[in-house]
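Observations on the three-dimensional arrangement
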Amino acid sequence: MSQNPLRPVLSHPSIAIDGPAASGKSTLGKKVADQLDWLFFDTGVMYRAVTWLALQAGLDLNDQGAVTALAESCVIDVLPASQEDGRTSDLLADGQDITWQIRRPEVDANVSQVSTYAGVRAALSAQQRRIGLRGQVVMVGRDIGTVVLPEAGLKIYLDASPEERARRRYREVIGRGESADYEHILQIVMKRDQIDSTRAVAPLKAAEDAIVIDSDQLSIEQVVEKTLTLLSEAPPAG
Ligand code: DC
């Protein structure tokens, strides 16, 4: 197969994992990265950080210009976990630890809208791509295989039914000792699917060469094993 001369060649492979909200992408990505001793990078946290900062600043989230300016100026850092409270990494925004704030319902309810803005996406995907091109990264998101890192050696599209995803999110929130309403979570999951997959810029969809895995009937261990097998069968990077 001939190489596209405009595309940088990765000296090490990376894995792209895309899929809808709460499909288990992050759990899968973290486990695979740990097994391979690669970096785990959940790109959704960046969209969440911008949403949280915008809410904190009292911005009108419909004001695309203001939200984009914020995304372009804020400094978002993902660092190794500094505390053993269930986090997979620390998320810092302008120096403030907002690891758990970005999981709040008001962020869940608004992040899809913020992530439709072309300027926000341009600012964040440039940072994501720089990290992905270093190789040996498991990147998780919505547009990693299609836009951010199309040269990833393995692309997985992890799917699950809205009901199963809402059940998982419900258990997660309850597990953190917070209250939750299953029906409400299901409505939000479906609304986010609709926004994420119909937006004009980088909509959620499987890359043509992605391998689609439906996780409804599979345990996380089975999905991890399948991913590692697929990686071992993937052609060498470049
Ligand atoms: O994976 P998550 O639920 O943390 O993602 C939060 C939101 O960010 C989601 O509604 C879509 C958006 N997102 C995106 O548009 N592109 C990415 N690469 C990652 C997340």
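Before any of the text, the structure's been laid out above.
Let me begin by describing the structure that accompanies this report. Here the structure is a predicted model, which is why all the values come from computation and not from measurement. (Residues numbered from 1 in each chain as written. Predicted model: local features only at pLDDT ≥ 70, side-chain atom pairs only at ≥ 80, totals over all residues. Heavy atoms only, no water.)

1. Regarding the sheet that holds strand S1 (residues 15–18)
In plain terms, the rule: In this analysis, strands are considered paired if DSSP registers two or more bridges between them. Runs of E in the DSSP output that reach at least two residues are strands. Runs of H or I that reach at least four are helices, and both are numbered from the N terminus. Here, axes are lines fitted to C-alpha atoms. For helices the fit covers the stretch in contact, and angles between N-to-C directions go from 0 to 180 degrees. Residue contacts follow a heavy-atom distance rule, with two residues in contact if any of their heavy atoms lie within 4.5 Å.
The 5 strands lie next to each other as S2-S6-S1-S7-S8, forming an open sheet whose pairing is parallel. Edge positions in the open sheet fall to strand S2 (39–42) and strand S8 (211–214), since each of these has one partner strand only. If you compare each strand with its neighbour and ignore which way they point, the axes differ by 20° on average. Here S2 runs beside strand S6 (residues 137–141); their pairing, made up of 4 bridges, is parallel. Paired with Phe-41 across the strands is Met-139, a residue of S6. Seen against the sheet, helix H5 (residues 118–132) touches S2 and S6 and runs at an angle of roughly 155° to S6.

2. Observations concerning the packing of helix H3 (residues 64–73) against H5
The criterion, for reference: Any angle from 65 to 115 degrees is called roughly perpendicular, while one under 35 is roughly parallel, one over 145 is roughly antiparallel, and all others are oblique. Residues were grouped as follows: Ala, Val, Leu, Ile, Met, Phe, Trp, Tyr, Cys and Pro as nonpolar; Asp, Glu, Lys and Arg as charged; and all remaining residues, including Gly, as polar.
Across the interface, H3 lies against H5 with an axial gap of 8 Å and an inter-helix angle of 10°. Between H3 and H5, the angle falls in the class roughly parallel. Of the residues in H5, those touching H3 at Gln-64, Val-67, Thr-68, Ala-71 and Glu-72 are Ala-118, Gly-119, Val-120 and Ala-123. Looking at the contact of H3 with H5, its residues break down into 5 nonpolar, 3 polar and 1 charged.

3. Re the packing of helix H2 (residues 44–56) against helix H4 (residues 105–114)
For any two helices packed against each other, one specifies the inter-axial angle together with the distance between the axes. Taken N-terminus to C-terminus, the directions of H2 and H4 make an angle of 110°; their axes are 9 Å apart at the nearest point. Considering the angle they form, H2 stands roughly perpendicular to H4. For the pair formed by H2 and H4, the contact residues are Tyr-47, Arg-48, Val-50, Thr-51, Trp-52 and Leu-55 on the first element and Glu-106, Val-107, Asp-108, Asn-110, Val-111 and Val-114 on the second. Of the residues in the contact of H2 with H4, the class split is 7 nonpolar, 2 polar and 3 charged.

Structural measurements only, silent on function.
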